[in-house]
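What follows is the residue order along each chain.
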Amino acid sequence: MSASSETLPRWKCVCAYDGTQFAGWQSQAEGRGLAIQDVIERRLAQILGAPTRIHGSGRTDSGVHALAQVFHFDADWRHGPEKLVAAFRVGLPPTIQVKSVQATAPDFHARFQATGKRYVYHLSLGDADPFTRPYCWTVFRELDLAAMQAATELLRGRHDFRAFTALNGPAREDTVRGLRRFDLVRRGRRLQVTMEAEGFLYKMARSLVGGLVAVGEGKLTLADLRAILASRERTMAVKTAPAQGLFLAKVFYS
């Protein structure tokens, strides 16, 4: 490991995790809980014999899950990607799985070269079974699904989503995003919301779902939702949906 990081091979990895017991993806300040990044870096240091920093495609909040989070790192690993996957498998907790490893271009960056992300959110109409409940938002009130479908059409497209984020930064910060996919599908008592954009603001995906549910419950009309979007101001009328129902499903690269 004496070579500089500029000369080391770069590896692209895809991982899945159950975020229930973790403080999100990104390493936290001391005392704020264990992050998925911390666990993977700890195992990678054991495998490589030296501390190695990994770089993810972006953060996921505490309690949010991933089916296909992407990260990269630089390391002089000479035993092939399959053996690296196997090494991860025996040393990571069952709640974290490195699904694939591949050598990539030296200038690849998991975050800065991502062209989009897909999130999926799960809701249950009525009480979910014990195996589903930890991974969905259970809603006991009747929902107007037709109104919710209309709300997805209203919000789909390119808008300023400042009213649907928990950002505390300056008003001049760019909060325009292209929500190219916003679908609602019912399967029995389960609702699945699929969202795709070139990027998501802090808690934007969960806030969009919260807005949908508020419309479905009759707490917001479509006119209310349109006014909230135009206002660019966060309101208590739009709840941030619980973290356990959200999954990072895919990261896109050109």
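Throughout what follows, the structure given in this document is the object of discussion. (Residues numbered from 1 in each chain as written. Predicted model: local features only at pLDDT ≥ 70, side-chain atom pairs only at ≥ 80, totals over all residues. Heavy atoms only, no water.)

**Some points on the packing of helix H1 (residues 36-48) against helix H2 (residues 81-91)**
No. 1: Interhelical geometry of H1 versus H2 gives an angle of 120 degrees and a closest axis separation of 10 Å. Overall, the two elements H1 and H2 adopt an arrangement that is oblique. Judged by the sense of rotation from one axis to the other, the crossing of H1 with H2 is right-handed. Every residue of H2 that contacts H1 at Ile40, Arg43, Leu44 and Ile47 is listed here: Leu84, Ala87, Phe88, Val90 and Gly91.
No. 2: Looking at side-chain class alone, the contact of H1 with H2 contains 7 nonpolar, 1 polar and 1 charged residues. (Axes fitted to C-alpha atoms, helices over the stretch in contact; angles between N-to-C directions. Helix = DSSP H or I, 4+ residues; strand = E, 2+ residues; numbered from the N terminus. Parallel < 35°, antiparallel > 145°, perpendicular 65-115°, else oblique. Left-handed = near helix turned anticlockwise from the far one by under 90°. Contact = heavy atoms within 4.5 Å. Nonpolar A, V, L, I, M, F, W, Y, C, P; charged D, E, K, R; others polar.)

**Focus: the side chain of Arg177**
No. 1: The topology assignment puts Arg177 in strand S8 (residues 176-187).
No. 2: Buried within the structure, Arg177 lacks any salt-bridge partner; Asp174 is the closest side chain of opposite charge, at an N-O distance of 4.3 Å.
No. 3: Ignoring sequence-local partners within four residues, the contact set of Arg177 consists of Gly157, Arg158, His159, Phe161, Glu198, Gly199, Phe200, Leu201 and Met204. (Buried < 20%, exposed > 50% of the residue type's maximum accessible area, 1.4 Å probe, protein only. Lys, Arg positive; Asp, Glu negative; His and termini not counted. Salt bridge = Lys/Arg side-chain N within 4 Å of Asp/Glu carboxyl O.)

**Concerning the environment of Ala166**
No. 1: Positionally, Ala166 belongs in the loop between strand S7 (157-160) and S8.
No. 2: Considered as a pair, Ala166 and Tyr202 are 36 residues apart in the sequence and their alpha carbons are 5.8 Å apart.
No. 3: In this structure, Ala166 is in contact with Tyr202 and Lys203, ignoring residues within four places of it in sequence.

**Some thoughts on the packing of aromatic side chains**
No. 1: Scanning the entire structure with this criterion turns up 8 aromatic pairs.
No. 2: Note on Trp25 and Phe71: the rings are 6.0 Å apart at their centroids and 35 degrees apart in plane angle, and the pair reads as tilted. Of the two residues, Trp25 is situated in the loop between strand S1 (10-17) and H1 and Phe71 in strand S3 (residues 65-74); the sequence distance between them amounts to 46 residues. The same class applies to Trp25 as to Phe71, namely buried.
No. 3: Arranged with centres 6.4 Å apart and planes meeting at 75 degrees, the rings of Phe161 and Phe164 form a pair that is edge-to-face. (Phe/Tyr/Trp six-rings, centres within 6.5 Å; stacked < 30°, edge-to-face > 60°.)

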